[in-house]
Amino acid sequence: WELWVRYVQALFFAKQKYVLLEVKVPREVFKSPQAAEFFINSLHQNGGEGNWYEKYWKGQVRSWFSLEITSLNGAIHFYVWTKVGHRSVIEANLYSQYPGIEIFEVEDYTLPVSYNPEVNTIWATEFDLIKPDVFPIRTYVDYGLEKDPKEEYKIDPITPLIEFLGSIPRDQQVWIQILVRSHKEEDKDPITGKKIDLRWAKSAQTEIDKIITGAKGEKDKEGKFVPGTGRQLTDVEKDTINALGRSVSKKGFDVGMRAIYVAPKDTFNPSNIGGIIGGVTHFNSSLNGFKPARGS
């Protein structure tokens, strides 16, 4: 069954037409991060696998998108990889939020690169979350950017990563790719059928209930709370509940993130690996964060 599903999905993928769009951003962007969130929400596309016939006979899946930041020949580029059919929606939503940007169809920047151990060195990793994905990472709200502060008071959390990418020599490349698709609540893997908890919103509510129940105190043999054993929620518990509630109030996505560093064998700099990981883990919080996994 697993082999069959993978087979029909491979056929489905092979029939699709994709496009890589480069987004050229002005030097100064005065929009709140909420503008970016508005665009991200437009990628929440649920169509394609609404019934058994679409999923298991035609091999259809929900649309994936890739949001990419790269350093190529000393220059930073922003890309969106998508099916051709979604291009107009992506362009319309980006232009509506960022009127000063430019969007172009470009060639796949990865195609000219091939691994030859005698010529170049390639390091790559995927990123996992440290804790279950119900716990959020640090977001723009944690930096106070939802209040749209004055420009001189803004703390842009992505700036260290951009500055690092801008320091990469011209003969080297760094690719950071974030793949996203709309989240669908399921209690089993759609391919293997194995039990797996993909119920993100319900898991968040479970964690909230667990914190509140723990503060109510001990229970007696009848399951009733013993008077005098309860306590007030701590500040950490309150912050956790607020963060979980804020997270699940937004649209959920399945996400995969990877980074690749390519350089000539004689100029490969291992310290750049730390710069890549540091730029991503900069968004770690006390609740959750990223860690490199399955790298080489």
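Residues numbered from 1 in each chain as written. Predicted model: local features only at pLDDT ≥ 70, side-chain atom pairs only at ≥ 80, totals over all residues. Heavy atoms only, no water.

1. Points about the overall build of the protein chain
Within the protein chain, the regular secondary structure consists of 8 helices and 10 strands. Counting over 296 residues, the protein chain shows a buried share of 38%. A separation of at least 24 residues holds for 76% of the contacts in the protein chain among residues at least 6 apart in sequence. Of the accessible surface of the protein chain, which amounts to about 17500 Å², a share of 55% is contributed by carbon and sulfur atoms. (Helix = DSSP H or I, 4+ residues; strand = E, 2+ residues; numbered from the N terminus. Buried < 20%, exposed > 50% of the residue type's maximum accessible area, 1.4 Å probe, protein only. Contact = heavy atoms within 4.5 Å. Areas by Shrake-Rupley, 256 points an atom, 1.4 Å probe, with all protein chains shown as cover.)

2. Looking at helix α1 (residues 2-15)
Here α1 contains 14 residues, and its C-alpha end-to-end distance of 20 Å stays within 8% of the 20 Å for a straight helix at 1.5 Å per residue. For α1, every residue scored as buried is listed here: V5, V8, Q9 and F12. Each buried residue of α1 lies within a common arc of 100° when the element is viewed along its axis, so the set occupies one face. Exposed side chains of α1 directed beyond 90 degrees from the buried face belong to L3 and A14. Those residues of α1 hidden inside the fold are in contact with α3 (52-57) and β3 (75-83). (Expected span 1.5 Å × (residues − 1). Arc of directions from axis to C-beta.)

3. Focus: unusual backbone geometry
Even without being a glycine, N73 presents a positive backbone phi close to 55°. Checked against the element boundaries, N73 lands in the loop between β2 (65-72) and β3. Among the residues examined, N73 registers a relative accessible area of 45% and is labelled partly exposed.

4. Observations regarding the sheet that holds strand β5 (residues 120-129)
Taken in spatial order, the 8 strands line up as β4-β1-β3-β2-β6-β9-β5-β10 in an open sheet, and their pairing is antiparallel. Every other strand in the sheet has two partners, leaving β4 (102-106) and β10 (290-293) as the edge strands with one partner each. Neighbour to neighbour, the strand axes of the sheet diverge by 25° on average, direction disregarded. Alignment of strand β1 (residues 18-24) against β3, held across 5 bridges, turns out to be antiparallel. Note that in β3 the partner of V19 across the bridge is T82. (Pairing = 2+ DSSP bridges. Axes fitted to C-alpha atoms, helices over the stretch in contact; angles between N-to-C directions.)

5. Overview of the pairing of β2
With 8 of 8 residues buried, β2 lies mostly within the body of the structure. Neither face of β2 is left uncovered, since the one carrying F65, L67, I69 and S71 and the one carrying S66, E68, T70 and L72 both have all their residues buried. Inspection of the sheet shows β2 paired to strand β6 (residues 173-182) by 8 bridges, in the antiparallel sense. Across the sheet, residue S71 finds its bridge partner in β6, namely V174.

6. Describing the packing of aromatic side chains
Evaluation of the coordinates by the stated rule reveals 9 aromatic pairs. Aromatic side chains Y109 and W175 sit 5.4 Å apart centroid to centroid with 80° between the ring planes, which places their arrangement in the edge-to-face category. Here the residue Y109 occupies a position in the loop between β4 and β5, and W175 occupies one in strand β6, the gap between them amounting to 66 residues. Residues Y109 and W175 agree in their burial class; the two are buried. Put simply, the rings of W1, W52 and Y56 pair up and form one aromatic cluster. (Phe/Tyr/Trp six-rings, centres within 6.5 Å; stacked < 30°, edge-to-face > 60°.)

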